[in-house]
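The lines below spell out each chain.
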Amino acid sequence: MRLLVTGGCGFIGTNFIYLMLERHPDWAIYNLDKLTYAGNRKNLLPVEQGPDKDRYHFLHGDICDRDYVEQILRDHHIDAVVNFAAESHVDRSINDPSPFVTTNVQGAQNLFECARQTGIGRFVHVSTDEVYGTLGPEGKFMESTPLAPNSPYSASKAGADLMARAYFETYGLPVVITRCSNNYGPYQFPEKLIPLMFQNAKANKSLPVYGDGMNIRDWIYVDDHCTGVELALLKGREGQAYNFGGNAEKPNIEVVKTILAALDKPESLITYVKDRPGHDKRYAMDFSLAHSELSFSPSLDFTEGIRKTLEWYEANTEWLEDVQSGAYREFMQEWYKERK
Ligand code: NAD
Ligand code: TYD
């Protein structure tokens, strides 16, 4: 298989590419990434320079670029596309929704159109549970739950989901949509809850908990989400959306306290701050469809997953500094210079 992965230098994309190269020795992977603040080419440098370098190719570019995307699909004889590329942070979307509409809606539509024009055989569009909005104390999101997004981020993701549906219904584009709950694991940018709290706790800085800390998220270890995407790619029904979850619903305050305990830091570091506007109260996933049709189930429980995750951040504090300091950009300039 010749696979185009978009957004492969971000958190989930990086983990996905490592896993797929390991599990499928006959696959070639092309990674199209714009390298926004959240994209780090260095994540995959061991692949670019290692024994798999002939079947992994980094392509610097924007999913909104029609000519470039079509050229990639044709020139590299791409069989399938997995779209991870997105603006992904809810708080940033509240500050400025525009880039979210551009990349998450227009960029996704551009990919669908290019896939249609070039006759791509398979397309997995990676979406989120946040498109369903929010839950009360009971119940779970199902694929049939109406889309009711509450943030500019989730609205932009829902926009792309609807466009994917339209491309399937109207043009027969062989697209599968995946909707997953909150991921955690290595390479997550430290603007998201778990790596941010790790970083602040390590530095004895205050841990900002929004509202009363009782908003609930379902947490899934990133490799389990990647496996879900792989299953959707290999076995998903065209035109179908599949929910993935981790069976680990937790109030935010519990997650924060778990991190503090693991790092042996005092709970006095916790600071309750002004709530996020439109803050969804609770997410929970019914993933019985993915279980029955794709044999999906999450393999790692939260205790084990958070232990592995914190271990990775402990061992990679340089990565945390790097992605925030601009050092990585300087590094890349050097990297390009050396290879000119
Ligand atoms: P991320 O922000 O860590 O990475 C996004 C990547 O996309 C970066 O490498 C960035 O450079 C790239 N990118 C952004 N705009 C681009 C553009 N116009 N063209 C090409 N590349 C571009 O995000 P993530 O957490 O890895 O999420 C990946 C996908 O999974 C997103 O679509 C997100 O909505 C979805 N998702 C994330 C979660 C989660 O908990 N993180 C949960 C469910 C679904
Ligand atoms: P986040 O990691 O931003 O993911 P999402 O908003 O997509 O679920 O946030 C996870 C939860 O943690 C969410 O309920 C908001 C909360 N949160 C805080 O309380 N403090 C923070 O500093 C951050 C970043 C998030």
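For the structure itself, look to the data block above.
In this text, all values refer to a predicted model and were calculated from it rather than measured experimentally.

Enquirer: How would you summarise the overall build of the protein chain if you had to cite specific residues and measurements?
Expert: Within the protein chain one finds 13 helices and 12 strands. Relative to a compact globule of 340 residues, whose C-alpha radius of gyration would be 20 Å, the protein chain shows 19 Å and is just as compact. Each of the three principal axes of the protein chain carries a C-alpha extent, and together these read 55 × 50 × 35 Å. The buried share of the protein chain, reckoned over its 340 residues, is 55%. When contacts within the protein chain are restricted to residue pairs at least 6 apart in sequence, long-range pairs at least 24 apart make up 83% of them.

Enquirer: Break down the pattern of salt bridges for me, with residues and values.
Expert: Applying the stated criterion across every chain, the model contains 19 salt bridges. The salt bridge partner of Arg307 is Glu304, with a shortest N-O separation of 2.8 Å. Linking Arg307 with Glu304, this pair stays in helix α11 (residues 302–315), spanning three residues, or about one helical turn. One network of salt bridges, in which partners are shared, links Arg66, Glu70 and Arg74.

Enquirer: Run through the nonpolar core, naming residues and quoting values.
Expert: Within the largest apolar cluster, 74 residues are counted, with the highest numbers of intra-cluster contacts made by Leu3, Phe16, Tyr56, Val82, Phe84 and Ile259. For this core, the leading source of residues is helix α1 (residues 11–23), giving seven residues. With near-sequence residues (within four places) excluded, Phe84 lies in contact with Val5, Thr6, Gly7, Ile12, Gly13, Phe16, Val126 and Val229. Ranked by size, the runner-up nonpolar core spans 26 residues in total, among them Ala28, Tyr30, Leu32 and Val175.

Enquirer: Just give me the short version of helix α7 (residues 193–202), but keep the residues and values in it.
Expert: Within the span of α7, buried status applies to Ile194, Pro195, Met197, Phe198, Asn200 and Ala201. The secondary structure elements touched by the buried residues of α7 are β7 (182–184), β8 (207–210), β9 (216–221), α9 (252–262), α11 and α12 (317–325). Positive backbone phi, at 55°, marks Asn204, one or two positions downstream of α7.

Enquirer: Before we move on, could you go through the pairing of strand β2 (residues 28–33) and cite the residues and values that matter?
Expert: For β2, a buried count of six out of six residues is recorded, marking the element as mostly surrounded by other parts of the structure. Neither face of β2 is left uncovered, since the one carrying Ala28, Tyr30 and Leu32 and the one carrying Ile29, Asn31 and Asp33 both have all their residues buried. The β-α-β motif built from strand β1 (residues 2–6), the intervening α1 and the parallel element β2 has right-handed crossover chirality. In this sheet, strand β3 (residues 56–60) lies alongside β2 in parallel orientation, the contact comprising five bridges. Within the sheet, the bridge partner assigned to Asn31 lies in β3 and is Phe58.

Enquirer: A description of the site of ligand 2 should follow, citing residues and the corresponding values.
Expert: Neighbouring ligand 2 are 16 residues; Glu130, Pro208, Arg217, Arg276 and His279 lie closest to it. Residue Arg217 places a side-chain N or O atom 2.8 Å away from an oxygen atom belonging to ligand 2. Here ligand 2 has 510 Å² of accessible area as a free molecule, and 96% of this is covered by the chains. Contributing elements (two or more residues each) for the shell around ligand 2: α7 and β8.

Enquirer: Describe the site of ligand 1, with residues and values.
Expert: By nearness alone, 28 residues border ligand 1, and Ile12, Asp33, Ser88, Tyr153 and Lys157 come closest of all. The backbone of Ile63 places a nitrogen or oxygen atom 3.0 Å from a nitrogen atom of ligand 1. Side-chain polar atom of Tyr153 to an oxygen atom of ligand 1: 2.7 Å apart, as the coordinates give it. When ligand 1 sits alone it has 840 Å² of accessible area, and the protein chains cover 97% of it. Listing elements by their share of the shell around ligand 1, those giving two or more residues are α1, β5 (122–128), α6 (152–171) and β7.

Parameters at a glance
Residues numbered from 1 in each chain as written. Chains lettered and ligands numbered in written order. Predicted model: local features only at pLDDT ≥ 70, side-chain atom pairs only at ≥ 80, totals over all residues. Heavy atoms only, no water. Helix = DSSP H or I, 4+ residues; strand = E, 2+ residues; numbered from the N terminus. Rg over C-alpha atoms; globule rule 2.2 N^0.38 Å. Buried < 20%, exposed > 50% of the residue type's maximum accessible area, 1.4 Å probe, protein only. Contact = heavy atoms within 4.5 Å. Salt bridge = Lys/Arg side-chain N within 4 Å of Asp/Glu carboxyl O. Core = buried A, V, L, I, M, F, W, Y, C linked by side-chain atoms within 4.5 Å. Right-handed = clockwise from strand over helix to strand, strands pointing away. Pairing = 2+ DSSP bridges. Near = heavy atom within 4 Å. Polar contact = N/O pair within 3.5 Å; in protein donor to acceptor, adjacent residues only side chain to side chain. Areas by Shrake-Rupley, 256 points an atom, 1.4 Å probe, with all protein chains shown as cover.

By themselves, these observations are geometric and do not establish any function.
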